[in-house]
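Understanding the architecture of this molecule
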Amino acid sequence: MIVLKLGGSVITEKDERETVDLDSLARLAGVLGQADVDDLVIVHGAGSFGHYYADEHGVSTTDGTRDARAVREIHDSMTRLNKAVLDYLDDAGVPGVPVRPFSAARRDDGLEFYANQVETMLAEGFTPVLHGDVVADAGAGATILSGDEVVTALAAQLDADRVGLCSTVPGVLDDDGDVIPAVDAYDDVAAVLGGSEDTDVTGGMAGKVRELLALDAPASVFGPDDLADFLRGEDAGTTVRG
Ligand SMILES: Nc1ncnc2c1ncn2[C@@H]1O[C@H](COP(=O)(O)OP(=O)(O)OP(=O)(O)O)[C@@H](O)[C@H]1O
Ligand SMILES: C=C(C)CCOP(=O)(O)O
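For clarity, every value in this text was computed on a predicted model and none was experimentally measured.

1. A look at the sheet that holds strand 9 (residues 162-166)
- As summarised here, the arrangement of the 8 strands in space is 3-6-2-1-9-11-12-10, forming an open sheet in which the pairing is mixed. At either margin of the open sheet sits one strand with a lone partner, and together these are strand 3 (96-98) and strand 10 (182-183).
- Alignment of strand 10 against strand 12 (residues 238-240), held across 2 bridges, turns out to be parallel. Bridge pairing links Ala-182 to Thr-239 in strand 12.
- Packing against the sheet, helix 2 (residues 22-34) makes contact with strand 1 (2-6), strand 2 (40-44) and strand 9, and its axis sits at approximately 165 degrees to strand 1.
- Running at roughly 145 degrees to strand 6 (residues 127-131), helix 5 (residues 116-123) makes contact with strand 2, strand 3 and strand 6 of the sheet.

Below you can see the structure in the form of structure tokens.
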């Protein structure tokens, strides 16, 4: 079983509000349509959708809001992006169905994600398509739930064999811009890890590496050119071993 994240920086034009990168999404959907994977869960990021509204309302993974309209604005933008992703997957022959994390998770001393429905969808031949979202947060109203957190919660609960994060960069890069083949400890790469270049409330590459190191399953961070290799089980980008 594979849990794959399509980064918001790949499927949207991250510097243009609510703009899907249609060519990139079509290309990734085409690769997924050709792949020979039995059980696949897809999670996508927010890119120029959720991050804009989260930033506008001052909401992050730790700073919450009790403004219901802010929660709906963030969530609705992700619903629109999710619909675009599902439409392109459908065109490519992938049997995607939506799962809304806002209705399937909460934070209360950590994240609780209800994954039973995802398991049944997989068993019935569907490809669940989740996304970064807002989440009810005990004592804080609602905070942002990154797609990376959804990936790690699902991978742990569903005992995923492999995890992949497809982002706009070809892997975790060193100071010279070269791909670091493997990461085993946060401190080994902390100096080169930064946030995102665009509006992003969830921590860019530093947040990803931290999430992936907490996992048992082997994880890869790679760019769009390596998606087919990753799905075939080959090495792609940077391997993060927790
Ligand atoms: N050492 C590094 N190696 C690679 N990328 C890095 C590094 N440090 C910071 N980054 C930034 O992290 C970005 C990837 O994180 P980002 O959160 O934007 O990706 P994403 O998951 O595709 O998008 P989203 O969060 O919208 O889903 C890169 O585009 C780059 O700007
Ligand atoms: C900003 C929102 C709504 C979700 C962020 O998810 P990410 O793009 O995976 O970090």
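2. Re the packing of aromatic side chains
- Taken as a whole, this structure holds 1 aromatic pair when the rule is applied.
- Pairing Phe-222 with Phe-230 gives two aromatic rings, centres 4.9 Å apart and planes at 25 degrees, and the pair type is stacked. Taken as a pair, Phe-222 and Phe-230 share a single burial class, namely buried.
- One residue, Arg-17, lies across the ring of Tyr-53, its end atom 4.8 Å from the ring centre.
- Its guanidinium or amino end placed over the ring of Phe-230, Arg-162 lies 4.3 Å from that ring's centre, counting from NZ or CZ.

Rules of the game
- Residues numbered from 1 in each chain as written.
- Chains lettered and ligands numbered in written order.
- Predicted model: local features only at pLDDT ≥ 70, side-chain atom pairs only at ≥ 80, totals over all residues.
- Heavy atoms only, no water.
- Pairing = 2+ DSSP bridges.
- Helix = DSSP H or I, 4+ residues; strand = E, 2+ residues; numbered from the N terminus.
- Contact = heavy atoms within 4.5 Å.
- Axes fitted to C-alpha atoms, helices over the stretch in contact; angles between N-to-C directions.
- Phe/Tyr/Trp six-rings, centres within 6.5 Å; stacked < 30°, edge-to-face > 60°.
- Buried < 20%, exposed > 50% of the residue type's maximum accessible area, 1.4 Å probe, protein only.
- Lys NZ or Arg CZ within 6 Å of the ring centre and 35° of its normal.

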